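Structural description and commentary
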Amino acid sequence: MDRAMVRFIRYRLLRAGITLLLFQTLLFLMLQAMPGDFVSTLIGLPPPLRRGLRAVMGLNDPLWQQYLRWMRDFFTGHLGTTFRFPHQSVGRILWSLAPRTLFLFLPASVLSIGLGYGLGRYLGGRRRPWDGASLTLTGGAIVAATSFPPWVAFLLVQIFALRLGWFPAENVLRTSRWVGVAVPADTVILWLLGTGALMAGSFYLLGHVTRWHQRRTCLRRVGAIALIGGAVLAWYLSGWGLLALDLLWHLALPLTTVVLLSFGEPMLLMRLATLQVADEDFVRAARAKGLPPQVVRDRHMARLALVPVLARFLIQLPFVMLGSLVVELAFFWKGIGRELLIAIDAHDVPVVMGIFSVVGTLMLLAHVLLDVLHAWLDPRVRTAIAPGMQR
Amino acid sequence: MSEVLVRVEGLSKFFPLTRGLFRESRDFIHAVEDLNFMIAPGESLGLVGESGSGKTTTGKLLVRLLDPTAGHIYLRTDGREVDIATLRKKELKAFRRQVQMIFQDPYESLNPRLTVFDTVAEPLVVQGIGNVLDREERVAEMLAMVGLTPPSSFMFRFPHELSGGQRQRVAIARALVINPTFVVADEPTSMLDVSIRTSIMYLMQELAQRLGVTYLYITHDLAVARYMCQRVAVMYLGKIVEQAETEELLQHPLHPYTRALISAVPIPDPRIKRQPMEIKGSIPTPINPPPRCRFYDRCPIATGFCEENPHPPLEDKGGGHYVACYLV
Amino acid sequence: MTEPILLVDDLTMHYTTRAGDVSAVDNVSFTLTKGESLGLVGESGCGKTSVAICLLKLLPDNAHIKGGHIYLNGVDLVPLNEDEVRRYRWRRISMIFQAAMNSLNPVYRVGDQIIEAMETHLENFSYATAREKVAELFRLVGLDPALMDQYPHEYSGGMRQRAVIAMALACDPDIIIADEPTTALDVIVQDRILKELRAIQQKLNMGMIYISHDIAVIAEVSDCVGVMYAGRLVEKACTEEIFHHPIHPYTAGLMSAFPSIVGPKRELTMLPGEPPDLLNPPPGCRFHPRCPYATSICWEQVPEFKNYGNDHFAACWHPLEG
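Residues numbered from 1 in each chain as written. Chains lettered and ligands numbered in written order. Predicted model: local features only at pLDDT ≥ 70, side-chain atom pairs only at ≥ 80, totals over all residues. Heavy atoms only, no water.

**What about the overall build of chain A?**
In terms of regular secondary structure, chain A is built from 16 helices and zero strands. Once the C-alpha set of chain A is aligned to its principal axes, its extents read approximately 85 × 60 × 40 Å. Classification of the 391 residues of chain A by burial places 41% in the buried group. In chain A, the share of contacts with a sequence separation of at least 24, taken over all contacts with a separation of at least 6, comes to 75%. By element, 70% of the accessible surface of chain A is carried by carbon and sulfur atoms, the whole surface being about 21500 Å². Within chain A, the 19 negative side-chain charges are centred at a point lying 9 Å from the centre of the 38 positive side-chain charges. (Helix = DSSP H or I, 4+ residues; strand = E, 2+ residues; numbered from the N terminus. Buried < 20%, exposed > 50% of the residue type's maximum accessible area, 1.4 Å probe, protein only. Contact = heavy atoms within 4.5 Å. Areas by Shrake-Rupley, 256 points an atom, 1.4 Å probe, with all protein chains shown as cover. Lys, Arg positive; Asp, Glu negative; His and termini not counted. Charge placed at Lys NZ, Arg CZ, Asp CG, Glu CD.)

**Brief notes about the interface of chain C and chain B**
The partner chain B presents 44 residues to the 39 residues of chain C that form the contact. By the criterion of area lost to chain B, the three top residues of chain C are Ile188, Ile261 and Lys265 of chain C, representing 20% of everything that side buries. Between the two partners, chain C and chain B, sit three salt bridges. Linking Asp191 of chain C and Arg274 of chain B is a salt bridge whose minimum nitrogen-to-oxygen distance equals 2.7 Å. Summed over the shared surface of chain C and chain B, the number is twelve residue pairs in polar contact (both at pLDDT 80 or more). Counting residues per element, the ones that place at least two in the side of chain C that touches chain B are helix H6 (187–203), helix H7 (215–221) and helix H8 (239–244) of chain C. Take the side of chain C that touches chain B: its biggest share by element is seven residues, from H6 of chain C. (Buried area = accessible area lost by both parts, 1.4 Å probe. Salt bridge = Lys/Arg side-chain N within 4 Å of Asp/Glu carboxyl O. Polar contact = N/O pair within 3.5 Å; in protein donor to acceptor, adjacent residues only side chain to side chain.)

**Observations regarding the interface of chain A and chain C**
With 27 residues of chain A at the interface, the matching set in chain C holds 34 residues. When the two sides are added together, the surface that chain A and chain C hide from each other amounts to roughly 3000 Å², 54% of it contributed by carbon and sulfur. By the criterion of area lost to chain C, the three top residues of chain A are Trp212, Arg287 and Lys289 of chain A, representing 25% of everything that side buries. Taken together, chain A and chain C are joined by four salt bridges. Among the salt bridges present, the one from Glu116 of chain C reaches Arg299 of chain A, with a minimum N-O distance of 2.3 Å. Among the secondary structure elements, those contributing two or more residues to the side of chain A that touches chain C are helix H13 (281–288) and helix H14 (293–330) of chain A. The leading source of residues in the side of chain A that touches chain C is H13 of chain A, at six residues.

**A few points about the packing of aromatic side chains**
Residue and element names in this part refer to chain A. Counted under the stated rule, the structure contains 14 aromatic pairs over all chains. By the ring-pair criterion, three or more aromatic residues cluster together here, those being Phe28, Tyr67 and Trp70. Just above the ring of Trp376 sits the side chain of Arg303; from NZ or CZ to the centre is 5.3 Å. (Phe/Tyr/Trp six-rings, centres within 6.5 Å; stacked < 30°, edge-to-face > 60°. Lys NZ or Arg CZ within 6 Å of the ring centre and 35° of its normal.)

**Brief notes about helix H4 (residues 132–145) of chain B**
Residue and element names in this part refer to chain B. Taking 1.5 Å per residue, 14 residues should reach 20 Å; H4 reaches 20 Å between its end C-alpha atoms and fits that length. Along H4, the residues that are buried comprise Arg135, Arg138, Val139, Met142, Leu143 and Met145. Buried residues in H4, looked at end-on, bunch into an arc of 155 degrees, giving them a common side. In this structure, H4 carries Leu133 and Glu137 as exposed residues pointing more than 90 degrees from its buried face. Looking at the buried residues of H4, the elements they touch are helix H3 (116–127), helix H5 (151–155), helix H6 (164–176) and helix H7 (194–211). Directly after H4, the chain includes Gly147, whose backbone phi takes a positive value near 90 degrees. (Expected span 1.5 Å × (residues − 1). Arc of directions from axis to C-beta.)

**Some details on the pairing of strand E8 (residues 207–212) of chain C**
Residues and elements named next belong to chain C. By the criterion of burial, E8 is predominantly enclosed, with six of the six residues buried. Residues Gly207, Ile209 and Ile211 of E8 are buried on one face, and the alternating residues Met208, Tyr210 and Ser212, pointing to the opposite face, are buried as well. In this sheet, E8 lies alongside strand E3 (residues 37–41) in parallel orientation, the contact comprising five bridges. Bridge pairing links Leu38 to Ile209 in E8. Taken together, the five bridges between strand E7 (residues 175–179) and E8 define a ladder with parallel strand orientation. Bridge pairing links Ile176 to Met208 in E8. In this fold, E7 hands off to H6, which returns the chain to E8; that crossover is right-handed. (Pairing = 2+ DSSP bridges. Right-handed = clockwise from strand over helix to strand, strands pointing away.)

**Concerning the domain arrangement of chain B**
All names here are of chain B. Each assigned domain of chain B is listed here: domain 1 (6–18 + 26–98 + 180–323) and domain 2 (112–179). Each of domain 1 and domain 2 has a C-alpha centre, and these two points are 29 Å apart. Listed per partner, the contact involves 17 residues of domain 1 and 14 residues of domain 2. Between domain 1 and domain 2, roughly 1500 Å² of surface is buried when both sides are summed, and carbon and sulfur atoms account for 67% of that area. For the pair domain 1 and domain 2, the interface holds zero salt bridges. Put simply, domain 1 and domain 2 have three residue pairs in polar contact (both at pLDDT 80 or more) between them. Top element by residues in the side of domain 1 that touches domain 2 is H7. It accounts for eight residues. Looking at the side of domain 1 that touches domain 2 residue by residue, the classes come out as eleven nonpolar, two polar and four charged. (Domains from an automatic or database assignment. Nonpolar A, V, L, I, M, F, W, Y, C, P; charged D, E, K, R; others polar.)

**Details of unusual backbone geometry**
Along the chain, Thr149 of chain B connects to Pro150 of chain B via a cis peptide bond; the corresponding omega equals -10 degrees. By secondary structure assignment, the location of Pro150 of chain B is in the loop between H4 and H5. Unlike most non-glycine residues, Asn288 of chain B shows phi in positive territory, near 45 degrees. Locating Asn288 of chain B in the fold gives a position in the loop between helix H10 (256–264) and helix H11 (304–308). One non-glycine residue, Glu180 of chain C, adopts positive backbone phi at about 45 degrees. When you line up the elements, Glu180 of chain C lands in the loop between E7 and H6.

Below is the structure:
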């Protein structure tokens, strides 16, 4: 992590902070621009009651006061009070629903881009074009067939849940297994996510440390087995093993649905980017050095080709999120997706706005993360903000 | 003193480096600073320098593709001197009748969607000269003049159907079709093959004599400058360091940079061994340069005097041979 | 006479395009001995770069070697497949590409890119010894060894050029091919790098094939010169001989088309016309449409590449006297 990288991250976070402020302000303005307010949607209320309600809810206060309250609510995580249940902060509601949504969204995002990267790299790296064409056509067909969420979910449930009985058709967990269990499901979910992140980090470290080692393939295989074995052991010993398994089993179909919906675009783009990078001089130089073809492809071409794929994936993320939310509904998960629909139906403005804020902030964070990843992948980006400053 | 066609006085161009999110730029690239030179009518002045010397920037300034930060560019028009540095956008069109440019890359300077005819006729159209028939006649005339004969077989071709040499001829035709008095040529032959290069250089010379065009010939190749230009100015880091008649400069170079440059040019004769002059380092980017001589940190003969005093002015050392150096 | 380390015999290579076959290299033959520097000169499209990529068998998908042999230390590279050829690349014969600064992957540190070449080819590889070797190579080309942990965009143009030269030397090859290594460099930096390259080549007693369109540079850097035109080798001799007694009219024309800053200012000769389209090259001698001495035999028969004594070869029906 060199100095340029640190400077870049700092600069990026600063910019993100400013954007966040602007974003929240924009949401507030949108809210104000909507005709009428919550009270006007309630039918059958006598005017004095309306007036009183408005006063209590602070809708009569001057605009700047409302704005400050809005900002304060956001930054304290409070996010306003829901209209449906008095004294319940939106923040708390979302916080309680977040684990399930993240349980689907995070692995789905990582798997989509991972799968897209791997397949796209393979497709783009093939030297004989006719091979690539047929595989790309197939890939394209899959992408087309899987672009409508309810259809995919329906199909998967039909085949794998109802006909074959391999996976459950709905819900996050099987209630019978969880009766009398002291730990809430959300905690287990969070621990699972944590394990996933830890494993990912460890795999990366393993690869990095054995970069130049003579027998690195062997070392890496052993290391991987050890890590996976260790994780499984840890879960078994914690006594939550079966609970985790139940959750994962219920995750399978929804996860597959979202991934099928989202992996197509990164794959096609990665293929294209790989083909374009193939013409670069340094790729020719890598071949000239006598490096084996898969090293040329994986080490030299793939890393640079990933850059535009990441950039595009950032734009795709809100749609992956959307996909997750819809899939949540299809599988009857009690996550943010379901909550959003209920709130819209009930005209529960704070909840809806709260969800917008949260999703927006998540996207902003993802943006920062992807930018940082970009800078990590391509060192030229680290100094690109101030071009006259290097050397 | 005979009349001068182009007179440049104190010409400077600075490019700002933006820093930070909201702050004004405090750092500038001094691409060209305080240039002074003159070009007589019908003359070919060579502007020689390496990349980063500011020669291309100078060319663009003279054609007003870039706006000067300071200074004057006097062009003799209808007997009067007009400062084209201060011309406003509206007045530039008339100015472009007098001054044209030929670019370096024949593959990039022609619009791939226009035929040869369209390309060469475009200046006529823009300046509102003649009608369609006149234009066709004039284009045919120009194509014949630049050696693309028979003109009828070239007129309706597209650039991708032409070779590099042919494209450059079209670029020359385009530059000369409205009879400008002054043409800036920015390395027009450096991207061409050797055997083509000679014919293009010969063509440009011939046209210069026939049409009385004055050239500013920008190049990094001293050998080409020798062939094409009567006088040569050597630029380093935004300033002219030496200026003289070509043969005089090549036989008796005075400025240490010129001497280093000349000694570094490879000679196409294996029997002749040359002695390259050692200078260290490479050309820096001129960001906020200190006021002393720009060549100071690489100069093999620099002294304390050179460090303490501002950049030396161009002085005539006899016979029109100007040098900017304290030690010569 | 020393045994040649490289013997190219009748090499022919075509590019297959939608418009037809482009005859990029046609019956080219030459030898290179240990420690010798051969300059390949010619204009764009003459096939000099194509010859180079044939030697490394770095052919793009649409290029095919149609005939001939490339004997590298006695082993013919032409019939070898990709896997077999890989062992020779960089280890026996390496290359500095045109616009070499782009040969470095912007995403990895320069040192690592050199080390990966060493790892692929050298036995008993260890990261530590490899780093030492890189440091040594950097010193040899005039770079600060500390630079090996930096990225290519942190280097200047001249520095990148030197790094690429160091990379080409990494596995101690027998032959190094330099394809216009000094374009895009300033004259003064170019001069320095040329000198250093020549010095390194002589010190390590490596064979070198220096490709350029600039005969001035070729004159300074080569022991022997091969002139290529339209995919064929039209003349080959040692440098002094070819400059002062050219046999082929193209060579003579090329020499006098180069302006020079020394000597009297002379009239430059012009070669009329343009290099031919290799999709449909002219029959017989490919230079005949531009040659002032052409007669009917020139377009009827391909002239033989003969030895005119003293290892001065040329392919012409009307060789120049004197």
